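# Summary of structural features
Residues per chain are reported as follows:
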Amino acid sequence: MRELLERIALCVERGKVDANSPHPHDMKGQDGADELTKKALESRIPASEVLAKGLIAGMQTVGERFRDGEVYLPDVLMSAKSLTSAMKHLKPYFQSGEVKHKGKIVMGTVTGDLHDIGKKIVAMFFEGGGWEVIDLGVDVSTDKFIQAVEAHKPLAVGLSALLTTTMVSMESITREIKAKTPEVKVIIGGAPVTQDFADRIGADAYYPDPQGALDYLNAAL
Ligand code: B1M
């Protein structure tokens, strides 16, 4: 089990999508994140382990190597592609379908920010936990959030940001939502976000991980 998870992590780190993808050269012909994730799930490795010890672990490594200047933007993009190819196998495990929707949550990555991997994972947890997710995508403006809140009347709005430069827009989005619809909970998350920041901008909750945010939603029912 450990070996398979390490191979998945390596595929994500190196940007190996599937057996047909020619990148990277030295892994040509080998299975990629796509096939290995399918194999892991078929061998009954829990989906949460595949996510944490395979996919997220690989992305974490590439992130550190990118930060240290050892790999470049195209490498990170290939890693993101590899991770996305694996996610389709995980989705059904987080969406039991048997669960009736508990309520709605509007989600999006904030203005100016194009990172959506973490947000998609959080959305999967919410859907798997029985919530209907209205995913507005990336680079979502305050107006778009407000329009979605008015149209869908969710219990909560989930904001994600991965850049220190974009997390600041969480403040205006949160304040606007709270001013217009104080009953709607605002949950924020993403790597640079902290509890202290959430307190300062008036968000109802901050969670560094999807499970914590899901537990909060369930408790807010
Ligand atoms: Co970018 N990037 N990136 N990037 N990127 C980071 C974030 C960075 C830390 C890399 C680095 O320098 N080490 C850095 C930010 C520095 C900073 O602001 N302090 C950075 C930078 C600088 C940039 C660009 C500016 C690079 C450039 O162009 N020079 C550029 C900005 C583009 C833009 O947004 N306008 C950019 C671009 C990109 C790509 C497009 C290449 C790609 C994104 C692809 C995509 O998302 N479709 C990318 C990636 C992949 C990363 C790293 C490597 C990985 C991010 C990721 O997906 N992590 C990242 C380095 C890193 O984080 N190690 C980096 C995996 C994901 C599962 O984790 O998103 O944190 P995360 O989500 C977690 C939790 O945070 C939490 O749960 C999730 C699951 O566990 N969570 C929530 C997230 N949202 C939540 C919401 C909640 C609750 C929990 O409630 C609602």
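Residues numbered from 1 in each chain as written. Predicted model: local features only at pLDDT ≥ 70, side-chain atom pairs only at ≥ 80, totals over all residues. Heavy atoms only, no water.

### What to know about the site of the ligand
In the vicinity of the ligand lie 31 residues, with Leu114, His115, Asp116, Ser160 and Thr164 positioned nearest. Gly112 is positioned such that a nitrogen or oxygen atom in its backbone is 3.0 Å from a nitrogen atom of the ligand. A distance of 2.7 Å is found between an oxygen atom of the ligand and a backbone nitrogen or oxygen belonging to Leu114. Of all elements in the fold, only helix H3 (47-67), helix H4 (73-94), helix H5 (117-128), strand S3 (156-160) and strand S4 (185-189) reach the threshold of two or more residues within the shell around the ligand. For the shell around the ligand, the element with the most residues is H3, which contributes 5 residues. Of the residues that constitute the shell around the ligand, the class distribution is 19 nonpolar, 9 polar and 3 charged. (Near = heavy atom within 4 Å. Polar contact = N/O pair within 3.5 Å; in protein donor to acceptor, adjacent residues only side chain to side chain. Helix = DSSP H or I, 4+ residues; strand = E, 2+ residues; numbered from the N terminus. Nonpolar A, V, L, I, M, F, W, Y, C, P; charged D, E, K, R; others polar.)

### Examining unusual backbone geometry
In the segment running from His23 into Pro24, the intervening peptide bond is cis, with an omega of -10 degrees. Following the sequence through the fold, Pro24 ends up in the loop between helix H1 (2-14) and helix H2 (33-42). The backbone of Asp139 sits at a positive phi, close to 50 degrees, despite the residue not being glycine. Take Asp139: it is sitting in the loop between strand S2 (132-135) and helix H6 (142-152). According to the relative accessible area criterion, Asp139 is partly exposed, its value standing at 41%. Positive phi, normally seen in glycine, also occurs at Lys153, with a value near 45 degrees. The residue Lys153 is located in the loop between H6 and S3 in this model. (Buried < 20%, exposed > 50% of the residue type's maximum accessible area, 1.4 Å probe, protein only.)

### Examining the coordination of the cobalt atom of the ligand
What the protein offers the cobalt atom of the ligand as a donor is a single atom, His115 (NE2), at 2.3 Å. If you trace the backbone, His115 turns up in the loop between strand S1 (104-109) and H5. (Donors = N, O, S within 2.8 Å, 3.2 Å for Na, K, Ca; no water.)

### Description of the pattern of salt bridges
This structure, assessed with the given rule, holds 14 salt bridges. Between Arg65 and Glu13 there is a salt bridge, with its nearest N and O atoms 3.3 Å apart. Placement of the pair is Arg65 in helix H3 and Glu13 in helix H1, with a sequence separation of 52 residues. Judged by relative accessible area, which is 28%, Arg65 ranks as partly exposed. (Salt bridge = Lys/Arg side-chain N within 4 Å of Asp/Glu carboxyl O.)

### A few points about the packing of aromatic side chains
Counted under the stated rule, the structure contains 1 aromatic pair. For the pair Tyr207 and Tyr216, a centre-to-centre distance of 5.9 Å together with 45 degrees between the ring planes defines the contact as tilted. According to the relative accessible area criterion, Tyr207 is partly exposed, its value standing at 26%. Looking at Tyr216, the relative accessible area reads 18%, which means it is buried. (Phe/Tyr/Trp six-rings, centres within 6.5 Å; stacked < 30°, edge-to-face > 60°.)

### As for the pairing of S4
Burial within S4 is extensive, with 4 of its 5 residues counted as buried. Pairing of S3 with S4, which is carried by 5 bridges, proceeds in the parallel orientation. Its bridge partner lying in S4, Ser160 is registered against Gly189. For the crossover that starts at S3, traverses helix H7 (residues 169-180) and ends in the parallel S4, the hand is right-handed. (Pairing = 2+ DSSP bridges. Right-handed = clockwise from strand over helix to strand, strands pointing away.)

### Structural notes on the side chain of His89
Checked against the element boundaries, His89 lands in helix H4. Taking the relative accessible area as the measure of exposure, His89 reaches 16% and is therefore buried. Apart from the residues lying within four places of it in its own chain, the contact partners of His89 are Asp34, Thr37, Lys38 and Leu41. (Contact = heavy atoms within 4.5 Å.)

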